[in-house]
Amino acid sequence: MIGTRGVPAAYGGFETAVEEVGRRLAERGHRVTVYTRGSDHKEREFLGMRVVHLAALPVKQLETLSHTGLSVGHALLRRRPDAAFVFNAANSPFLPLLRARRIPIALHMDGLEWKRSKWGRRGKAYYRWAEEFGVRWADALIADAPGISDYYDAEFSVPTELIRYGAPILASAPDGGVRERGLEPDGYHLVVARFEPENHVLEIVEGYRASGATMPLVVVGSAPYSAEYTQRIAAAAEGDDRIRLLGGVYDQDLLDALYFHAHTYVHGHSVGGTNPSLLRAMGAGTAVIAYDVGFNRETLDGNAWFFGDADGARDRFDEVKKDPATATRRGREMRARAEESFRWEAVADEYEALAHRLSSGGSVHRTARRARRRS
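As for the packing of aromatic side chains
What the rule picks out here adds up to 12 aromatic pairs. Measuring from ring centre to ring centre gives 5.0 Å for Trp129 and Phe133, while their planes differ by 25 degrees; the resulting arrangement is stacked. A residue pair is termed a helical-turn pair when its members lie 3 or 4 positions apart in one helix, as Trp129 and Phe133 do in helix H4 (residues 121–137) at four residues. We classify Trp129 as partly exposed; its relative accessible area is 42%. Classification of Phe133 as buried rests on a relative accessible area of 14%. In this structure an aromatic cluster arises from ring pairing among Tyr126, Tyr127, Trp129, Phe133 and Trp137.

Comments concerning the sheet that holds strand E1 (residues 33–36)
Spatial ordering of the open sheet is given by E1-E3-E2, a layout of three strands whose pairing is mixed. Edge positions in the sheet fall to E1 and strand E2 (45–46), since each has one partner strand and no second. This element, helix H1 (residues 13–27), spans E1, E2 and strand E3 (49–53) of the sheet and lies at about 135 degrees to E3. Most of the contacts of helix H2 (residues 63–76) go to E1, to which it runs at about 145 degrees, and overall it touches E1 and E3.

A closer look at the sheet that holds strand E9 (residues 217–220)
Here six strands make up an open sheet; going across it, the order is E10-E9-E8-E11-E12-E13 and the pairing parallel. One side of each edge strand has no neighbouring strand; the edge strands of this open sheet are strand E10 (243–247) and strand E13 (305–307). Direction aside, the axes of adjacent strands within the sheet are offset by 20 degrees on average. In the sheet, strand E11 (residues 264–267) pairs with strand E12 (residues 287–291) via four bridges, with the strands oriented parallel.

Considerations on unusual backbone geometry
Cis rather than trans, the peptide bond between Val7 and Pro8 has omega equal to -5 degrees. Position of Pro8 relative to the elements: it lies in the segment before H1. The phi torsion at Ser157 lies on the positive side, around 55 degrees, for a residue other than glycine. Positionally, Ser157 belongs in the loop between helix H5 (146–156) and strand E7 (161–162). Within the chain, Asp301 stands out as a residue other than glycine whose phi angle is a positive 55 degrees.

Side note on the pairing of strand E5 (residues 105–108)
Side chains of E5 alternate between two faces, with Ile105 and Leu107 and Ala106 and His108 buried alike. Since strand E4 (residues 84–87) and E5 lie parallel, the crossover through helix H3 (residues 95–100) that links them has a hand, and here it is right-handed. Where E5 meets strand E6 (residues 140–143), three bridges bridge the pair, whose relative direction is parallel. The residue bridging Leu107 from the neighbouring strand is Leu141, located in E6.

Structural notes on the nonpolar core
By size, the foremost hydrophobic cluster in this structure holds 57 residues, and its most contacted members are Val135, Val201, Val205, Leu217 and Phe317. Among the elements that take part in this core, helix H7 (residues 201–210) stands out by supplying five residues, more than any other.

What counts, and where the lines are drawn
- In this convention, every chain numbers its residues from 1, walking through the sequence in written order.
- Only residues with pLDDT of at least 70 are given local features in this predicted model, and only at 80 or more are side-chain atom pairs given and counted; all residues enter the totals for whole chains, interfaces and linings.
- Side-chain calculation: all heavy atoms of the structure are included, whereas hydrogens and water are not.
- Working definition: a ring pair exists when centres of Phe, Tyr or Trp rings (six-membered ring for Trp) sit within 6.5 Å. Plane angles under 30 degrees give stacked, over 60 give edge-to-face, the rest tilted.
- Only DSSP runs of H or I covering at least 4 residues are called helices, and only runs of E covering at least 2 are called strands; the numbering of each starts at the N terminus.
- Classification of residues uses two cut-offs on accessible area relative to the type maximum, computed with a 1.4 Å probe and protein chains only: under 20% is buried, over 50% is exposed, and between them is partly exposed.
- Any two strands with at least two DSSP bridges between them are considered paired.
- Contact criterion: two residues are considered in contact whenever any of their non-hydrogen atoms come within 4.5 Å of each other.
- Throughout, an axis means a line fitted to C-alpha atoms (over the contacting stretch in the case of helices), and angles, computed between N-to-C directions, take values from 0 to 180 degrees.
- Orient the strands so they point away from the viewer, and a crossover whose first-strand-to-second-strand path over the helix runs clockwise is right-handed.
- In plain words, nonpolar cores are sets of buried Ala, Val, Leu, Ile, Met, Phe, Trp, Tyr and Cys residues tied together by side-chain atoms within 4.5 Å.

Structure follows, in structure tokens:
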């Protein structure tokens, strides 16, 4: 498994998938190697997985590529694996090296990264090029949401493997950390997001401020790339003591408790696929107010309140205030959907089956190698 920060998972969806899938494959008797960077955990084995620690350049634009380059070089010089899972389309330039070593490759494409505001013009152009290059060189493409599969079918006429993420299921959580922050269980709205425009934190805060909501709005997150956007959010919240900006929360137990005891989780993400933060809220049994985009509607099976701008967010907060019983019911239904449709065991089954197909010669490369972007 190449191209992520590796294990233990302490960052995002890719890392969580690597840990949850890798540990299960190791339990089933497979030899799993995970390339890792920047971890305080320096042991060479973790949850049955072999961990290879390699360096990376500490520069935003080069960190992932530099580490992946070293990882691929290491893989080329060792015993040839039956299959490689490469995460992030940005890493596609290294696929020809793996193919030259006759290593079958599944490339996990992630969301539509070139739409993210943190990338400048050159970064966006690179991601669009890397998508096309990856399509032409991988043996299989992994998408984590139907909308991503539809995108690659429409753009390149190339099939993808639809493999979702799993949801952590929370049946309970202590409320001490929640109460210490002046919050009551089932008595606040929660936002957890990086402060980036495509996550619509600003619109959520503006909409909440204009609403008649009485439960506090708790905002967890920060902006590693955009001080200006953070300042706009702070300005929108200033003077309203209902809005609590907590910054980053890195204590997973506290974060779990915040999800579990929230009245609603407000999800503004708009460009990813199946989002791990949304799955965590669903697994915690928390009702959702979500940005109205196909990825979110599909994940939630339409069972949420949806908004498209600050005015829409205001209206949804007011609706929830008038009908708290619906939030309770939808929370139960969200946990049931998470338990049924987003199980890590099923995800591991699909990765295992794909690895077997790749090692047996299954590949889309013969037809995909001439693919070109249509728009």
